[in-house]
Amino acid sequence: MANPATGRSFLQAMTSVEEVAPPLRVVQMEGLAVLKIIKHCKEFSPALVTGQLLGLDVGSVLEVTNCFPFPTREEDEELEADGANYQLEMMRCLREVNVDNNTVGWYQSTLLGSFQTAELIETFMNYQENIRRCVCIIYDPSRSNQGVVALKALRLSDSFMDLYRSNNFNGEKLREKKLSWVNVFEEIPIKVSNSALISAFMTELEPDSPVTQCDFDRLKLSSAPFMERNLEFLIECMDDLTAEQNKFQYYYRNLSRQQAQQQVWLQKRRQENMQRKAAGEEPLPEEDPSNPIFKPIVEPSRLDSYLITNQISNYCNQVNGAAGQGFSKLYLMKALHEN
């Protein structure tokens, strides 16, 4: 019942609290969930795999406490129905053993950071219909071979989702929303946490030598294969971006040609109306919707160009990071040889 002093029910209070929920600040992942994601992605590399993220949404923190992989299927097998039944059965089994079974997103592997695609956005929008806040964890096994844990959490920006729902990516709407290719995705910081009991157990298992295989991997001088593949993908993206720019150039040429034809037609119509007025006849309208030159030309969507530009930026950052690490290692080796 509602409190007479406040005049608000408990449900109304909870609704108001939900409306002013703080923005997502960090994704807190259990160490076990991180290891399961890495293991799944590395086992099937270079094939791409996906899986479900389970956890809790607590204030400004999204806790990822568990995950499970999706089965890999061939193209000619049954598709979505079996996948949905598999997810429901897995979450039912987890609930029976008292494990977190709340879906908070999904994870997927990628090859050299090639994840910014239209399929990723469609998956995000499908998840957003049922989950208020969800993230996608991207893991790149090829980058991890360079001695780093290539793990990142992404979500779509609110302004981009509004435009995607309206399916209106023309220049006017993008300027109105002040949306650029940089604002399509938002990267959320990841924090890996373990319970005190697990931390104590890992301390007991830690060997006497602090050097691990990952430390040796960072000292590899050869980064040529990684750089070559990045540059190959970068060149392909540049070709795709050029094709998108050609579409816009073709659109603007047609638009200017149509405007010129409309001006010529309008001048003829005005001269004709002057003659009709002089003859005492009714003037004709200055627009003719049946005329093909007045049919509006649809502006191409800028979504593909935004995604390609985002992907180019990602490849450039990877090349820049790999080159910087390579130069640092070369200078280190030069100093060691001189000494």
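On a predicted model such as this, the values are computed, not experimentally measured, just so you know.

**Q** Got a minute to help me understand the overall build of the chain in this structure?
**A** Helices and strands together make up the secondary structure of the chain, namely 11 helices and 8 strands. Here the analysis covers contacts within the chain between residues at least 6 apart in sequence; of these, 74% occur between residues at least 24 apart. Summing over all exposed atoms, the chain offers an accessible surface of approximately 21,800 Å²; the carbon and sulfur share of this is 55%.

**Q** What should I look at first to understand the environment of Gln128 in this one?
**A** Its location among the elements puts Gln128 in helix α4 (residues 118–128). Residues Gln128 and Gly105 lie 23 residues apart in sequence; the distance between their C-alpha atoms is 9.3 Å. Ignoring sequence-local partners within four residues, the contact set of Gln128 consists of Cys134 and Met161.

**Q** What is the right way to look at the packing of α4 against helix α6 (residues 158–166) in this model?
**A** Between two packed helices, both the angle of their axes relative to each other and the distance between the axes serve to describe the pair. The contact between α4 and α6 brings their axes to 12 Å, and the two run at 95°. In this view, α4 runs roughly perpendicular relative to α6, as classed from their interaxial angle. Taken together, the residues of α6 that come into contact with α4 (itself represented by Ile121, Glu122, Met125 and Gln128) are Phe160, Met161, Tyr164 and Arg165. Across the contact of α4 with α6, the residue classes break down as 5 nonpolar, 1 polar and 2 charged.

**Q** Help me out: how do you make sense of α4 in this one?
**A** Helical periodicity: at 3.6 residues per turn, an α-helix aligns residues three or four positions apart in one direction. The complete set of buried residues in α4 reads Leu120, Ile121, Phe124, Met125, Tyr127 and Gln128. One side of α4 holds all its buried residues, which, seen down the axis, span an arc of 160°.

**Q** Can you walk me through the confidence of the model for the chain in this structure?
**A** If pLDDT is low for a region, its predicted coordinates should not be looked at in detail. When pLDDT is averaged along the chain, the result is 80, and 84% of the positions lie at 70 or above. A low-confidence stretch, residues 1–7 stays under pLDDT 50, and its non-local contacts, those more than four residues away or across chains, total 5 contacts. Within the model, pLDDT remains below 50 along residues 13–18, and this stretch shows 3 contacts once partners closer than five positions in the same chain are excluded.

**Q** When you look at the environment of Ile138 in this model, what are you seeing that I'm missing?
**A** Mapped onto the secondary structure, Ile138 falls in strand β5 (residues 135–139). For the pair Ile138 and Thr50, spaced 88 residues apart in sequence, the C-alpha to C-alpha distance is 9.5 Å.

**Q** Please explain the pairing of β5 as it appears in this structure.
**A** As a general feature of sheets, a regular strand has side chains that alternate between the two faces. The buried fraction of β5 is high, at 5 of 5 residues. The alternating pattern of β5 places Val135, Ile137 and Tyr139 and Cys136 and Ile138 on opposite faces, both of which are buried. As paired elements, strand β4 (residues 103–109) and β5 share 5 bridges and run parallel to each other. Looking at β5, one finds that Gln108 is bridged to Ile138. The parallel pair β4 and β5, bridged by α4, forms a crossover whose chirality is right-handed. Alignment of β5 against strand β6 (residues 151–156), held across 4 bridges, turns out to be antiparallel. Across the sheet, Ile137 pairs through a bridge with Ala153, a residue of β6.

**Q** Sorry, what's going on with the nonpolar core here?
**A** Soluble globular proteins tend to bury their nonpolar side chains together. Within the largest apolar cluster, 29 residues are counted, with the highest numbers of intra-cluster contacts made by Leu120, Ile121, Phe124, Leu156, Phe160 and Phe185. Elements that contribute at least two residues to this core include exactly α3 (80–96), α4, β5, β6, α6 and α11 (303–338). No other element matches the 5 residues that α4 contributes to this core. Those residues within four positions of Phe124 in sequence are excluded, and the remaining contacts are Trp106, Cys134, Val135, Cys136, Leu154, Arg155, Leu156 and Phe185. Residues Ala33, Ile38, Cys41 and Val135 belong to the second largest nonpolar core, which totals 21 residues.

What counts and what doesn't
Counting restarts for each chain: residues are numbered from 1 in the order of the written sequence. For this predicted model, a pLDDT threshold of at least 70 governs which residues receive local features, and a threshold of 80 or more governs which side-chain atom pairs are given and counted, while totals over whole chains, interfaces and linings are taken from all residues. Note that water and hydrogens are dropped before the side-chain values are worked out from all heavy atoms of the structure. For the purposes of this entry, the term helix denotes a DSSP run of H or I that reaches at least four residues, the term strand denotes a run of E that reaches at least two, and both are numbered from the N terminus. Should any heavy atoms of two residues lie within 4.5 Å, those residues are counted as being in contact. Under the convention used here, a 1.4 Å probe and the Shrake-Rupley method define accessible areas, while residue burial counts only the protein chains that appear. The axes used here are C-alpha line fits, helices contributing only the stretch in contact, and every angle between their N-to-C directions lies in the interval 0 to 180 degrees. Angles are sorted into four bins: roughly parallel if under 35 degrees, roughly antiparallel if over 145, roughly perpendicular if 65 to 115, and oblique for all others. Residue classes follow a fixed rule: Ala, Val, Leu, Ile, Met, Phe, Trp, Tyr, Cys and Pro count as nonpolar, while Asp, Glu, Lys and Arg count as charged, and any other residue, Gly among them, counts as polar. Exposure categories follow from relative accessible area, calculated using a 1.4 Å probe and restricted to protein chains: below 20% of the type maximum is buried, above 50% is exposed, and the middle band is partly exposed. Note: the arc covers the axis-to-C-beta directions of the helix. A residue's pLDDT is the predictor's confidence in that residue, given on a scale from 0 to 100. Any two strands with at least two DSSP bridges between them are considered paired. Place the viewer so that the strands point away; then a crossover is right-handed whenever the path from the first strand over the helix to the second strand goes clockwise. Among the buried residues, those of types Ala, Val, Leu, Ile, Met, Phe, Trp, Tyr and Cys that are joined through side-chain atoms within 4.5 Å form a nonpolar core.

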